[in-house]
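Each chain is listed here by its residues.
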Amino acid sequence: MKWSDYVVDLHTHALPQIDDGAQSVEESVCMLLDNIKQGVTTCVLTPHCHVINSQQIHDFIQKREKHFEMLTDHFRDSRIRLLLGGEVYLDRDISQYDGVEQLCITGTNYMLVELPYHNNPDSVSEWIYSLNLLNITVILAHIERYNNWREIMKSISELDVIFQLNSALFLSFMGRRLAKKILSQHTRFVVSSDMHNMDKRKSTMSKAFQIIQKKFSDNEMFMLTL
């Protein structure tokens, strides 16, 4: 794998003033320019999204568009393509809500989802299966954060799921040990920044990928193209 082949950062909180990510347009711009320097050419803006009915999906889409306009009024750079999505909190069967497909990444059937930390793998399997029936491919955010990641992966191993790892995982010895254990369980992975700011939660895509190239050469990681 070459860094130049991996240009998609599909999990970011660079949309300004909408969640616990960028708190200003200026901070958003700095985050995006930093990702450009790291070789990213497609950045998906995925603010946190928790919906319990169809109306909330509509409200989220409208709010997201408003904040996207705030950003694009001040930032246009041909070096990076911006797409919209959401980090959808999956604590119930959201497939029943009208318009749920609008939570997928722009122009795709990929949906980034986050699980409750205290989750039931059997329920998770049912919820993801219901989304698969709508032709939605689930990208499960930061699988490394869940203490029961083995049970989760086993329960959904036959479903249409891609597992996302945060780039920061690869920067420490313990993180790399965990990554190797996770990578041995499945073959569909993608690495993303999950960046929130320019301080303690900034993008580490370039550093992570350099480490992946050196230390994970035997692992075929699924590189998502949009």
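No experiment lies behind these values; they were computed from the predicted model shown. (Residues numbered from 1 in each chain as written. Predicted model: local features only at pLDDT ≥ 70, side-chain atom pairs only at ≥ 80, totals over all residues. Heavy atoms only, no water.)

Section: the overall build of the chain
Along its length, the chain carries six helices and nine strands. Computed over its C-alpha atoms, the radius of gyration of the chain comes to 17 Å, within 12% of the 17 Å expected for a compact globule of 226 residues. Along the first, second and third principal axes, the C-alpha atoms of the chain reach 45 × 45 × 25 Å. For the chain, buried positions account for 57% of its 226 residues. Restricting the contact set of the chain to residue pairs at least 6 apart, pairs at least 24 apart contribute 77%. On the chain, roughly 10700 Å² of surface is accessible, and the fraction owed to carbon and sulfur atoms is 47%. Computed over 23 positive and 28 negative side-chain charges, the separation of the two mean positions in the chain equals 10 Å. (Helix = DSSP H or I, 4+ residues; strand = E, 2+ residues; numbered from the N terminus. Rg over C-alpha atoms; globule rule 2.2 N^0.38 Å. Buried < 20%, exposed > 50% of the residue type's maximum accessible area, 1.4 Å probe, protein only. Contact = heavy atoms within 4.5 Å. Areas by Shrake-Rupley, 256 points an atom, 1.4 Å probe, with all protein chains shown as cover. Lys, Arg positive; Asp, Glu negative; His and termini not counted. Charge placed at Lys NZ, Arg CZ, Asp CG, Glu CD.)

Focus: unusual backbone geometry
Of note in the backbone geometry, Gln17 takes a positive phi value of approximately 60 degrees without being a glycine. Note that Gln17 resides in the loop between β1 (8–12) and α1 (25–37). Since its relative accessible area comes to 42%, Gln17 is described here as partly exposed. One non-glycine residue, Asn135, adopts positive backbone phi at about 65 degrees.

What to know about the packing of aromatic side chains
Under the criterion given, the structure shown has three aromatic pairs. Considering the side-chain rings of Tyr117 and Tyr146, the 5.7 Å spacing of their centres and the 45 degrees angle between planes classify their relative orientation as tilted. Pair noted here: Tyr117 is in the loop between β6 (110–114) and α3 (121–132) and Tyr146 is in the loop between β7 (137–140) and α4 (149–155), with a separation of 29 residues, a long-range link. Classification of Tyr117 as partly exposed rests on a relative accessible area of 47%. Here the aromatic rings of Phe170 and Phe216 are separated by 5.3 Å at their centres, their planes lie at 80 degrees, and the arrangement is edge-to-face. (Phe/Tyr/Trp six-rings, centres within 6.5 Å; stacked < 30°, edge-to-face > 60°.)

Comments concerning the sheet that holds strand β2 (residues 42–45)
Across the sheet, three strands lie side by side as β1-β2-β4; this open sheet has parallel pairing. Of all the strands in the sheet, just β1 and β4 (81–84) have a single pairing partner and so form its edges. Taking the axes of each pair of neighbouring strands and ignoring which way they run, one obtains an average angle of 20 degrees across the sheet. Note that β2 and β4 share four bridges and pair parallel. Of the residues in β4, the one forming a bridge with Val44 is Leu83. Packing against the sheet, helix α2 (residues 54–72) makes contact with β2 and β4, and its axis sits at approximately 165 degrees to β4. (Pairing = 2+ DSSP bridges. Axes fitted to C-alpha atoms, helices over the stretch in contact; angles between N-to-C directions.)

Regarding the side chain of Asp194
Its place among the elements puts Asp194 in the loop between β9 (189–192) and α6 (205–215). One polar contact links Asp194 to Arg145, side chain to side chain, over a distance of 3.0 Å. Within the local environment of Asp194, its side chain forms a polar contact with the side chain of Asn166, the two groups lying 3.0 Å apart. (Polar contact = N/O pair within 3.5 Å; in protein donor to acceptor, adjacent residues only side chain to side chain.)

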